[in-house]
Structure formats: structure tokens, C-alpha cells
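# Tertiary structure, described
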Amino acid sequence: IAGITQAPTSQILAAGRRMTLRCTQDMRHNAMYWYRQDLGLGLRLIHYSNTAGTTGKGEVPDGYSVSRANTDDFPLTLASAVPSQTSVYFCASSREGSTDTQYFGPGTRLTVL
Amino acid sequence: AQSVSQHNHHVILSEAASLELGCNYSYGGTVNLFWYVQYPGQHLQLLLKYFSGDPLVKGIKGFEAEFIKSKFSFNLRKPSVQWSDTAEYFCAVKGGDNTGKLIFGQGTTLQVKP
């Protein structure tokens, strides 16, 4: 069982470019989340999905979009990257949204120049 | 809005010293509380969690935390740290709605000197 996988591991991106960060889980968890981790700010929720077909906005959703076409995948898209989106991005999942522990992926380090 | 505050941003201890990391949250309703650890170069791992019941929660690797509702606190403790405990520690709270959203503190970097 792989748990949660994220791709790419790291990426350097020119400002203005479009980028999709991939997240896949094999635990059949209903809920999935995207966080960004910035020094001194901890982790902040970008978007979440409680079940396939539904998504919601977190604390810092601007500039990001997500989709949840199926249970396993939860891609995060930056339509037009800006330097302030330089961060480490973590995907997480939990069996249910409201009560269960979240498990985290290995992260994607994104640098926008 | 919910928030989580971790008072210590950077802690340096010698091996065998005792550890206590502070965590306070702001939310008046029922909360679920978590401590996650991130070892250098790795992803977040769950140390322990509190959902209900005994307010003293024991986690992995000898860590424990005490939920004190009246103080809105969930401090992490370990009686004797090891060099391998060097990591960043995050307190997080989930509560109120059914979205499962976690609100994280800023993190505390723990450096244990051998």
C-alpha cells in the first residue's frame, strides 16, 4: 500500500505558466485536502473535498483550483503561477471529512520564478 | 474563526532533557486536537490526537499531550528527548463544521543536541 503519492517531487516554474500538482491515494479515503507550508506560517488549507464530485475552499484558495472526478485523485492546478505561490504543497486524505485523522503525502516543492 | 498558536518557535535541548511545547487554540465548541511531527526532509506524521475521553493522551515515541479545556490548551510533552526527536512539531485543531479542515499552528522547530 503506497498511501498518498504526489508528483512531481519538486518543480521550478516560470511565472505565468500553468501547473498541475498531482495527488493520488490508494486507501479509498473519502476526503482529500491540499495544504501549503510556508516558513513561520505552518500549514494552510487551500482546498478540500469531502467526497468525489465535491470540493470546497480553504483558507487560501485564490490562484488555485481543484477537481475530484474520482475517489483516488485530487489534482491542484495553478492557472497562472506567481512567485508568492512558491511553497511546499502537501496533499492529505482521511477516511471521512469530519471525524478522522488526516494522513499526509510526501509533498511537492514548487518554486515560481 | 478558529486559530492555533504555538508559543515556542525554536527550542534547543540537550539529550535527556524534558520537553514541553505549548499549544493554544481559539474555538469555543467541541474540538479535535492533533500533534504532527515533520522530521527533516519527510512529510507530516501523526504523533497523537485527542477526540474525547481521557484528556491525557499518549502517542508514539513516548510523547503525550494534555487537553485542558479551561485553558484552551493542548501542550505536548516528553520526559526525556533524544537526538532523533529533532524535527518540526505542529499542533492542529479541527472543530465545528463537517469539512474536516485542520487549522495548524505555526510550528515549533526542536533541535536536540547529542
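One structure accompanies this document, and this report is about it. None of the values given here were measured: they were computed from a predicted structure. (Residues numbered from 1 in each chain as written. Chains lettered and ligands numbered in written order. Predicted model: local features only at pLDDT ≥ 70, side-chain atom pairs only at ≥ 80, totals over all residues. Heavy atoms only, no water.)

### Here's the deal with the overall build of chain B
Helices and strands together make up the secondary structure of chain B, namely zero helices and twelve strands. Reading the helices (α) and strands (β) of chain B from amino to carboxyl end gives β-β-β-β-β-β-β-β-β-β-β-β. Principal axes of the C-alpha set define a box for chain B whose edges measure 45 × 30 × 20 Å. A total of 114 residues make up chain B; the buried ones form 46% of that total. Sequence separation of at least 24 residues holds for 55% of the intrachain contacts in chain B that already meet a minimum separation of 6. Both charge centroids of chain B, one from 10 positive and one from 8 negative side chains, sit 4 Å from each other. (Helix = DSSP H or I, 4+ residues; strand = E, 2+ residues; numbered from the N terminus. Buried < 20%, exposed > 50% of the residue type's maximum accessible area, 1.4 Å probe, protein only. Contact = heavy atoms within 4.5 Å. Lys, Arg positive; Asp, Glu negative; His and termini not counted. Charge placed at Lys NZ, Arg CZ, Asp CG, Glu CD.)

### A word on the overall build of chain A
A tally of regular secondary structure across chain A gives zero helices and eleven strands. For chain A, the sequential pattern of α-helices and β-strands runs β-β-β-β-β-β-β-β-β-β-β. Scaling as 2.2 N^0.38, a compact globule of 113 residues should have a C-alpha radius of gyration of about 13 Å, and chain A matches this with 13 Å. Projected onto its principal axes, the C-alpha positions of chain A cover 35 × 30 × 25 Å. Expressed as a percentage of its 113 residues, the buried residues of chain A come to 50%. Once local pairs closer than 6 in sequence are excluded, the contacts in chain A between residues at least 24 apart make up 55%. With the model as given, the accessible surface of chain A reaches about 5100 Å², and the carbon-plus-sulfur share is 51%. The averaged location of the 8 negative side-chain charges in chain A is 8 Å from the averaged location of its 10 positive side-chain charges. (Rg over C-alpha atoms; globule rule 2.2 N^0.38 Å. Areas by Shrake-Rupley, 256 points an atom, 1.4 Å probe, with all protein chains shown as cover.)

### Observations regarding the interface of chain A and chain B
On the chain B side, the residues contacting the 22 residues of chain A number 21 residues. Both sides together, the interface formed by chain A and chain B hides about 1700 Å², and carbon and sulfur atoms give 54% of it. In this assembly, chain A and chain B are joined by zero salt bridges. In this assembly, chain A and chain B are joined by five residue pairs in polar contact (both at pLDDT 80 or more). Listing elements by their share of the side of chain A that touches chain B, those giving two or more residues are strand S4 (31-38) and strand S5 (42-49) of chain A. For the side of chain A that touches chain B, the leading source of residues is S5(A), giving four residues. (Buried area = accessible area lost by both parts, 1.4 Å probe. Salt bridge = Lys/Arg side-chain N within 4 Å of Asp/Glu carboxyl O. Polar contact = N/O pair within 3.5 Å; in protein donor to acceptor, adjacent residues only side chain to side chain.)

### Some details on the state of the cysteines
Residue and element names in this part refer to chain A. This structure, assessed with the given rule, holds two disulfides over all chains. Covalent S-S linkage joins Cys 23 and Cys 91, the inter-sulfur distance amounting to 1.9 Å. Taking the sign of the torsion about the S-S bond as the criterion, the disulfide between Cys 23 and Cys 91, at about -70°, is left-handed. Taken together, the positions of Cys 23 in strand S3 (residues 19-25) and Cys 91 in strand S9 (residues 87-94) put the pair 68 residues apart, joining distant regions of the chain. By relative accessible area, Cys 23 is classed as buried at 2%. Residue Cys 91 is classed as buried on the basis of its relative accessible area of 0%. (Disulfide = S-S within 2.5 Å.)

### Thoughts on the environment of B:Leu56
With respect to the helices and strands, the residue B:Leu56 is situated in strand S7 (residues 56-58). For B:Leu56 and B:Phe74, which are 18 residues apart along the polypeptide, the C-alpha to C-alpha distance reads 9.4 Å.

### With respect to the packing of aromatic side chains
In this structure the tally under the stated criterion is 14 aromatic pairs over all chains. An aromatic cluster of three or more residues is present, and its members are A:Tyr33, A:Tyr35, A:Phe104, B:Phe34, B:Tyr36, B:Phe51, B:Phe90 and B:Phe104. A cation over an aromatic ring shows up here: A:Arg68 above the ring of A:Phe74, its NZ or CZ 6.0 Å from the ring centre. Just above the ring of B:Phe51 sits the side chain of B:Lys49; from NZ or CZ to the centre is 5.3 Å. (Phe/Tyr/Trp six-rings, centres within 6.5 Å; stacked < 30°, edge-to-face > 60°. Lys NZ or Arg CZ within 6 Å of the ring centre and 35° of its normal.)

Read these as geometric descriptors, not functional statements.
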